[in-house]
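Breakdown of the fold
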Amino acid sequence: MTVTAQPAVGEEALPGATGPTPRRRTGRVRRIALPYLLLLPALLLELLVHLVPMVIGIVMSFKELTQFYIRDWGAAPWAGFDNYSLSVDFDAPVGEALLHSFFVTCAFTVLSVGLCWLLGTTAAVYMQETFRGRGFLRAIFLIPYALPVYAAVITWAFMFQRDNGLVNHVLHDQLGLTDSPSFWLIGDNSFVALLVVSVWKGWPFAFLIVMAGLQNIPKELYEAAAIDGAGMVQQIRRITLPSLRPVNQVLVLVLFLWTFNDFNTPYVLFGQAAPEAADLISIHIYQSSFVTWNFGTGSAMSVMLLLFLLVVTGIYLALTSRGRKAADV
């Protein structure tokens, strides 16, 4: 018995046709194109907000753009790679200052990311146990992350004041740990002050991400480990940390990018002129561009910073991807 396929409702059968009808092909094209059409407004906004200024900044880095060409920056003379050569000439004052700022930023980023991850992971692990008031503590821990950056940093700036700040009042007046009130917003102590503020407002994000990752670890693993005699430290080492490896890989990368590019914290805490000990590369580029009015050099520094972050991110993703493949094998 031979069964002949009948055309669907609304479709016309073509003599000798074996493939889909034109109407069916049109519907398939529409289904494929629909997601891209829905993404088109977001892509256009991304282009206007990020990509266009980025391209303009790259073009500016090849121009001798100073305060004399602010009104018509396109008329600035072409400088080629002179701005880049000046920035990487570490024997000259400009290159030496940029190199110092880079080392300060690296040290600040390593300490800040490490402390944020350590505090966030520790708090998330202890918050897994059920006890009275756990929800209230979780809400308290998230307050630094929920507060506006400017309001939080300005509050810390008042707390770090030498004569009437809360930090010196506690350390010097009440505890007697220092011989005299310390200067926290100038000198070498400015690095410590900046690190404290960065960790204070950054560790709740690590706490939130790690706490979400811990929800996916089956409790049966801990129960089986406890039956086998594993203590809390062994459970964290053998179960918690390996299970959180994918979460930690993303978390560390995000914290690194946020901290290395952080501009709001040092700018609000110290103003336009950051102390030498807390001269992060973001505020250094701002000073090179908007304080000395040398936008060409500042743009060249920004492009080199972008390239550095892209290279570090690519290497990090390659290493973590290789580690995941090795673990799966």
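Higher on the page you've got the structure.
Residues numbered from 1 in each chain as written. Predicted model: local features only at pLDDT ≥ 70, side-chain atom pairs only at ≥ 80, totals over all residues. Heavy atoms only, no water.

**A word on the layout of surface pockets**
The volume enclosed by the largest pocket comes to roughly 730 Å³. What lines the largest pocket is a set of 23 residues, and nearest its centre among them are Ile 285, Ser 302, Val 303, Leu 305 and Leu 306. Those elements that place two or more of their residues in the lining of the largest pocket are α1 (22-60), α13 (281-291) and α14 (295-328). In the lining of the largest pocket, the residues fall into 15 nonpolar, eight polar and no charged. (1 Å grid on protein atoms, 1.4 Å probe; cavity = no way out; pocket = protein on both sides within 12 Å on 5 of 7 lines; lining within 4 Å. Points joined across faces, edges and corners; volume = space filled by probe spheres on them. Helix = DSSP H or I, 4+ residues; strand = E, 2+ residues; numbered from the N terminus. Nonpolar A, V, L, I, M, F, W, Y, C, P; charged D, E, K, R; others polar.)

**Side note on the pattern of salt bridges**
On inspection of all chains with the given rule, the structure shows two salt bridges. The closest approach of N and O atoms between Arg 162 and Asp 163, which form a salt bridge, is 3.1 Å. Here Arg 162 falls in the partly exposed class, since its relative accessible area comes to 28%. For the salt bridge of Lys 201 with Asp 262, the shortest nitrogen-to-oxygen distance reads 3.9 Å. Of this pair, Lys 201 sits in helix α8 (residues 189-214) while Asp 262 sits in the loop between α11 (245-260) and α12 (264-270); the two residues are 61 residues apart in sequence, bridging distant segments of the chain. Residue Asp 262 is classed as buried on the basis of its relative accessible area of 10%. (Salt bridge = Lys/Arg side-chain N within 4 Å of Asp/Glu carboxyl O. Buried < 20%, exposed > 50% of the residue type's maximum accessible area, 1.4 Å probe, protein only.)

**What about unusual backbone geometry?**
Despite not being glycine, Trp 293 shows a phi value in the positive range, around 60 degrees. On the secondary structure map, Trp 293 appears in the loop between α13 and α14. Look at Trp 293 and you get partly exposed, because its relative accessible area is 41%.

**Concerning the side chain of Ser 299**
Looking at the secondary structure, you find Ser 299 in helix α14. Looking at Ser 299, the relative accessible area reads 11%, which means it is buried. When sequence neighbours within four positions are dropped, the list of residues in contact with Ser 299 reads Gly 57, Met 60, Ser 61 and Ser 289. (Contact = heavy atoms within 4.5 Å.)

**As for the packing of aromatic side chains**
Scanning the model with the defined rule gives 24 aromatic pairs in all. Both rings, one in Phe 81 and one in Tyr 84, keep their centres 6.0 Å apart while their planes meet at 50 degrees; by these two values the pair is tilted. Take Phe 81: its relative accessible area is 58%, and that puts it in the exposed class. For Tyr 84, a relative accessible area of 13% corresponds to the buried category. Geometrically, the ring pair formed by Phe 256 and Phe 260 is tilted, given 5.5 Å between the ring centres and 45 degrees between the ring planes. Taken together, the residues Phe 256 and Phe 260, both in helix α11 and four residues apart, mark about one turn of the helix. (Phe/Tyr/Trp six-rings, centres within 6.5 Å; stacked < 30°, edge-to-face > 60°.)

**Section: the packing of helix α3 (residues 93-126) against α11**
Between α3 and α11, whose axes approach to 9 Å, the crossing angle comes to 140 degrees. Here α3 lies oblique to α11, going by the angle between them. In the crossing of α3 with α11, the sense of the turn from one axis to the other is right-handed. Residues Phe 102, Thr 105, Cys 106, Phe 108, Thr 109, Ser 112, Val 113, Cys 116 and Trp 117 of α3 lie in contact with α11, whose contacting residues are Asn 248, Leu 251, Val 252, Leu 255, Phe 256, Thr 259 and Phe 260. Within the contact of α3 with α11, the residues separate by chemical class into eleven nonpolar, five polar and no charged. (Axes fitted to C-alpha atoms, helices over the stretch in contact; angles between N-to-C directions. Parallel < 35°, antiparallel > 145°, perpendicular 65-115°, else oblique. Left-handed = near helix turned anticlockwise from the far one by under 90°.)

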